[in-house]
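Fold and contact review
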Amino acid sequence: MPKQRDGSLVLIRGNATPDLAMGICREFGCEPGQVEVSRFPDGEIHVQSHEDLRGKDVFIIQSTCPPVNENLMELLILTDCVKRSSADRITAVIPYFGYARQDRRERGAHVPISAKLIANLIAAAGADRVLTMDLHAEQIQGFFDIPVDHLYGGPVFIDHFRKLEIPDLVVVSPDVGSIKMARAYSKALGARLATVDKRRISAEETEVGFVIGEVEGRNALISDDIIATGGSIAQASRILKDNGVKDIYIAATHPVLVGPAVEKLEASPIKGVFVTDTIPIAGKYLQNRVKVLSSAGLFADAIEQIHRSSTI
Ligand code: R5P
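From a predicted model like this one, the values you see are computed outputs, not experimental measurements.

Here's the deal with the overall build of the protein
Looking only at helices and strands, one finds nine helices and 14 strands in the protein. Relative to its length of 312 residues, the protein is compact, with a C-alpha radius of gyration of 20 Å against a globular reference of 20 Å. If you line up the protein on its principal axes, its C-alpha atoms span 60 × 50 × 35 Å. Within the protein, the fraction of its 312 residues that count as buried is 52%. Expressed as a percentage of contacts within the protein between residues at least 6 apart in sequence, the contacts between residues at least 24 apart total 65%.

Focus on the nonpolar core
Among the nonpolar cores identified, the biggest contains 34 residues, and I12, F97, I122 and F144 are the most heavily contacted of them. Sequence-distant contacts of I122, defined by excluding residues within four places in its chain, comprise L75, L76, A92, I94, F97, A127, V130 and F144. By size, the runner-up hydrophobic cluster in this structure holds 26 residues, among which are V215, I233, A236 and I248.

Points about the sheet that holds strand 14 (residues 290-293)
Hydrogen bonding along the main chain pairs the strands of a sheet, whether they run parallel or antiparallel. The strand order across the open sheet formed by seven strands is 10-9-8-11-12-13-14, and the pairing between neighbours is mixed. In the strand order of this sheet, the two ends are held by strand 10 (206-212) and strand 14, each with one partner. The sheet shows a mean angle of 25° between the axes of neighbouring strands, taken without regard to direction. Judged from the five bridges that link them, strand 9 (residues 192-200) and strand 10 form a sheet pairing that is antiparallel. Bridge pairing in strand 10 links K198 to V208. In the packing of helix 4 (residues 154-164) onto the sheet, the strands contacted are strand 11 (219-227), strand 12 (248-255), strand 13 (272-276) and strand 14, and the crossing angle to strand 13 comes to about 150°.

As for unusual backbone geometry
P66 connects to P67 through a cis peptide bond whose omega is -5°. Along the polypeptide, P67 turns up in the loop between strand 4 (57-61) and helix 2 (68-84). Despite not being glycine, D168 has its phi angle at roughly 45°, a positive value. The topology assignment puts D168 in the loop between helix 4 and strand 8 (169-173). Residue classification places D168 among the partly exposed positions, given a relative accessible area of 46%. For L257, which is not glycine, the phi torsion reads 45° and is therefore positive.

Details of the site of the ligand
In the vicinity of the ligand, 15 residues are found, and the nearest of them are R101, D224, D225, T229 and S232. Here D175 contributes a side-chain N or O atom positioned 3.3 Å from an oxygen atom of the ligand. Contact with the protein chains covers 93% of the free accessible surface of the ligand, which is 380 Å². Elements with a minimum of two residues in the shell around the ligand: strand 9, strand 11 and helix 6 (231-242). The element best represented in the shell around the ligand is strand 11, accounting for four residues. In terms of residue class, the shell around the ligand is made up of three nonpolar, six polar and six charged.

As for the pattern of salt bridges
Taken as a whole, this structure holds 13 salt bridges when the rule is applied. Across the pair D301 and K3 runs a salt bridge, and its minimum N-O distance is 2.6 Å. With D301 in helix 9 (residues 296-311) and K3 in the segment before strand 1 (9-13), this residue pair connects regions lying 298 residues apart in the sequence. On the basis of relative accessible area, D301 is assigned to the partly exposed category, the value being 35%. Note that R89 and D57 form a salt bridge whose closest N and O atoms lie 2.9 Å from each other. Taken together, the residues R89 in strand 5 (residues 89-94) and D57 in strand 4 connect sequence positions 32 residues apart. Classification of D57 by relative accessible area gives buried; the value is 6%. Overlapping salt bridges bring together K3, D301, E304 and R308 as one network.

Looking at the state of the cysteines
Summed over all chains, the structure comprises zero disulfides. Distance from the sulfur of C25, which forms no disulfide, to the nearest cysteine sulfur (C30) is 4.5 Å. With relative accessibility at 1%, the residue C25 sits in the buried group.

Some words on the domain arrangement of the protein
Domain parsing of the protein yields domain 1 (9-152 + 296-307) and domain 2 (154-293). Inter-centroid distance (C-alpha atoms) of domain 1 to domain 2 is 27 Å. With 16 residues of domain 1 in contact, the opposing surface of domain 2 contributes 17 residues. Roughly 1,300 Å² is buried in total at the junction of domain 1 and domain 2, and carbon and sulfur atoms are behind 63% of that figure.

About the cut-offs
Residues numbered from 1 in each chain as written. Predicted model: local features only at pLDDT ≥ 70, side-chain atom pairs only at ≥ 80, totals over all residues. Heavy atoms only, no water. Helix = DSSP H or I, 4+ residues; strand = E, 2+ residues; numbered from the N terminus. Rg over C-alpha atoms; globule rule 2.2 N^0.38 Å. Buried < 20%, exposed > 50% of the residue type's maximum accessible area, 1.4 Å probe, protein only. Contact = heavy atoms within 4.5 Å. Core = buried A, V, L, I, M, F, W, Y, C linked by side-chain atoms within 4.5 Å. Pairing = 2+ DSSP bridges. Axes fitted to C-alpha atoms, helices over the stretch in contact; angles between N-to-C directions. Near = heavy atom within 4 Å. Polar contact = N/O pair within 3.5 Å; in protein donor to acceptor, adjacent residues only side chain to side chain. Areas by Shrake-Rupley, 256 points an atom, 1.4 Å probe, with all protein chains shown as cover. Nonpolar A, V, L, I, M, F, W, Y, C, P; charged D, E, K, R; others polar. Salt bridge = Lys/Arg side-chain N within 4 Å of Asp/Glu carboxyl O. Disulfide = S-S within 2.5 Å. Domains from an automatic or database assignment. Buried area = accessible area lost by both parts, 1.4 Å probe.

What follows is the structure, encoded as structure tokens:
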């Protein structure tokens with residue numbers, strides 16, 4: 001049964017995550033709003049709404065995934081279009097929030113805090129709220145001067161792994177930053193918990209030291225927020241194998257999958273890779289090798305609650 005929807009709720013589909021956006025629309029039994037995104041001959045993005053958005057509660061669904069800057073710009077211009085169409089409220093639904101890993105100046109390095117800049121841009125474009133999932137660091141919520149609803153992708157993976165009934169499971173965090181996520185998964189699955197000691201050397205390179213926790217003779221589920229170059233997962237799975245782990249599964253919310261990710265996954269001793277649909281995965285190889293779990297239900301539930309709280 002589709003969710004109840006009054007006429008004031010409008011879902012707008014950006015071009016970054018068309019399948020997820022359609023999945024959310026299906027949950028509401030509706031079509032996406034009639035907003036057209038096109039290009040001028042010089043590449044500029046042009047947006048036009050073909051429906052009256054005055055007084056509407058509008059949700060713009062757009063991940064800022066690769067091509068990151070194109071998708072970000074599209075989100076900003078869509079938001080401006082909806083704002084100038086006198087919508088009552090605009091929620092930027094950003095299933096994957098790119099730039100999140102540029103969230104601090106370490107040891108006085110002369111670098112920007114790009115995640116904060118992007119948060120400012122989204123609010124300046126006219127978004128009243130943000131709905132997102134598994135931010136790289138939860139503190140990024142505080143970069144926005146507008147309310148943020150932050151979902152956890154956990155329920156999607158936990159439901160799936162419960163059904164798989166993998167015996168002697170240990171959930172492994174590939175680095176200290178992901179330990180909170182791994183702890184939640186291990187608790188929900190009644191599994192043990194372990195972590196890998198990882199140091200990041202550069203955006204492309206990481207170094208792995210040792211495993212903390214008992215893993216020998218067990219099956220491992222490595223949980224992470226992102227697979228980007230695949231380096232973290234490849235190194236973690238190799239060291240787990242060296243420590244006597246049997247089968248290795250991966251649960252990563254956002255399949256950024258750039259650069260050598262495919263080769264690294266292929267060369268790694270991994271039995272199954274599970275991701276969500278916050279970023280579309282291109283290519284036949286990946287579609288065969290990687291199992292995509294839908295987050296549409298989670299987002300639809302959150303959108304329903306946000307919408308309902310504004311109308312009661
Ligand atoms: C790091 O802190 C994140 O949680 C991910 O482990 C990391 O961003 C993945 O990147 P890559 O796949 O390039 O190692």
